[in-house]
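# Chain and residue survey
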Amino acid sequence: MKKLLARGNTAEVYEYSEGKVCKLFFEGYPAEYVELEFRNAKELYDRNIRVPVPFKLITIDNRRGIIYEKIEGRSLLNLIAENPEKADKYIDILTKTHLAILSQKSKELLSYKDFLSVMVKNRTADYREICTKMDALPDGDHILHGDFHPNNILMEENGTPVVIDFMNVCRGPKLFDIARTVFLIRPLSEYMAERYLEKVQVSEEEIKEYLDVIAICRNYEG
């Protein structure tokens, strides 16, 4: 394996070959989760959403991995931090990119309720209560990224935003994913969260029930 480019909680990213990288998950990480990410990435790519091309699954030294297109770019989060005077411009890119994903529909992806249920099952005594709260929320078939925030958008030199990280992709109502994004970016910047909501034309009240469930489930991620 060539040069290590990045390390996260579940995987490392290495240079693989010209124009390609390998996201290599740590030994013992469930193979079905790796395969799920690969299918999710293909689902978005096949719908002409700008994501790194997912080439194939691979196994190296008992570790499962995915070969992706190598993206040369910087995260939207870094760009906002370094250019606060351009924050609105970058929030606009965040919003338009997210709405482009949310405009797509799928019957094949896992329901967001099933996704959350798997996350918390057998990990909390309040499982039934959480499921009751989730059952009260609407269903839907819009494509949801599930982890959409500025650090998961890379800006290419030509100004094209590229979406990364596909483990949480699922289907459901748009408002769930909008609430999830607000939940994730609010600790970074209250201003960013407020402007994002304005740009997607959604009120705090409209996402309140989703935020309540997301806050509970967040404790059991990872």
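Residues numbered from 1 in each chain as written. Predicted model: local features only at pLDDT ≥ 70, side-chain atom pairs only at ≥ 80, totals over all residues. Heavy atoms only, no water.

### Some words on the sheet that holds strand S3 (residues 20–25)
Let me state the cut-off plainly: A pair of strands is treated as paired once DSSP finds two or more bridges between them. Helix and strand assignments follow DSSP, with helices taken as H or I runs no shorter than four residues and strands as E runs no shorter than two, numbered in order from the N terminus. Axis lines are fitted through C-alpha atoms, for helices just across the contact stretch, and the angle between N-to-C directions can take any value from 0 to 180 degrees.
Taken in spatial order, the five strands make up an open sheet running S1-S2-S3-S5-S4, and their pairing is antiparallel. The outermost strands of the open sheet, each flanked by one partner alone, are strand S1 (4–7) and strand S4 (54–60). For this sheet, the mean inter-axis angle between neighbouring strands, taken without regard to orientation, is 25°. Bridge analysis of strand S2 (residues 11–17) against S3 gives six bridges, and the strand direction is antiparallel. Along S3, the bridge assignment pairs Ser-17 with Lys-20.

### Description of the pairing of S1
Alignment of S1 against S2, held across three bridges, turns out to be antiparallel. Within the sheet, the bridge partner assigned to Leu-4 lies in S2 and is Tyr-14. Here S1 hands over to S2 after three residues, the two strands then running antiparallel side by side.

### Overview of the side chain of Thr-97
Note the cut-off: Residue contacts are defined here by distance: any two heavy atoms, one from each residue, within 4.5 Å place the two residues in contact.
With respect to the helices and strands, Thr-97 occurs in helix H3 (residues 87–102). Those residues in contact with Thr-97, other than ones at most four positions away along the chain, are Phe-148, Pro-161 and Val-163.

### A look at the sheet that holds strand S8 (residues 153–156)
An order of S6-S8-S9 is seen for the three strands of this open sheet, with the pairing classed as antiparallel. The open sheet is flanked by strand S6 (73–75) and strand S9 (161–163), the only strands paired with a single partner. Neighbour-to-neighbour, the strand axes of this sheet turn through a mean angle of 35°, independent of strand direction. As judged from the three bridges shared by S6 and S8, these two strands associate in the antiparallel manner. Considered in S8, the bridge of Ser-75 is made with Leu-154. Against the sheet, H3 contacts S8 and S9, and its axis sits at roughly 50° relative to S9.

### Comments concerning the pattern of salt bridges
So the rule is basically this: A pairing counts as a salt bridge when a side-chain nitrogen of Lys or Arg comes within 4 Å of a carboxyl oxygen of Asp or Glu. Partly exposed describes any residue whose relative accessible area lies between the buried limit of under 20% and the exposed limit of over 50%, with all areas from a 1.4 Å probe on protein chains only and scaled to the type maximum.
In the structure shown here, the tally under the stated rule is 20 salt bridges. Across the salt bridge formed by Lys-199 and Asp-92, the nearest N and O atoms sit 3.7 Å from each other. With Lys-199 in helix H7 (residues 190–200) and Asp-92 in helix H3, the pair connects residues that are 107 residues apart, well separated along the chain. Here Asp-139 ties to Lys-113 by a salt bridge, and the two come within 3.1 Å at their closest N and O atoms. You can see Asp-139 sitting in the loop between helix H5 (127–135) and strand S7 (142–144) and its partner Lys-113 sitting in helix H4 (residues 112–120), a full 26 residues away along the chain. Asp-139 gets classed as exposed once you look at its relative accessible area, which sits at 60%. The class for Lys-113 is buried, based on a relative accessible area of 12%.

### Focus: the state of the cysteines
Going by this rule: Two cysteine sulfurs form what is called a disulfide whenever their separation falls within 2.5 Å.
On inspection of all chains with the given rule, the structure shows zero disulfides. For Cys-170, which is in no disulfide, the shortest distance to another cysteine sulfur is to Cys-217 and amounts to 11 Å.

### Concerning the packing of aromatic side chains
Quick reminder of the rule: Here the aromatic set is Phe, Tyr and Trp, taking the six-membered ring for Trp, and pairing holds for ring centres within 6.5 Å; pairs whose planes are under 30 degrees apart are stacked, those over 60 apart are edge-to-face, and all others are tilted.
Tallied over the full model, the rule gives five aromatic pairs. A centroid spacing of 6.2 Å and a plane angle of 50° characterise the contact between Tyr-68 and Phe-166, whose relative ring orientation is tilted. Taken together, the positions of Tyr-68 in strand S5 (residues 63–69) and Phe-166 in the loop between S9 and strand S10 (170–172) put the pair 98 residues apart, joining distant regions of the chain. Pair check on accessibility: Tyr-68 and Phe-166 agree, each one buried. Considering the side-chain rings of Tyr-112 and Phe-176, the 4.7 Å spacing of their centres and the 45° angle between planes classify their relative orientation as tilted. Here Tyr-112, found in helix H4, pairs with Phe-176, found in helix H6 (residues 174–185); they are 64 residues apart in sequence, far enough to count as distant. For the pair formed by Tyr-112 and Phe-176, the shared burial category is buried.

### Description of unusual backbone geometry
Phi is positive for Asn-48, which is not a glycine, with a value near 65°. You can see Asn-48 is positioned in the loop between helix H1 (31–46) and S4. Within the chain, Asn-62 stands out as a residue other than glycine whose phi angle is a positive 65°. Here Asn-62 lies in the loop between S4 and S5.

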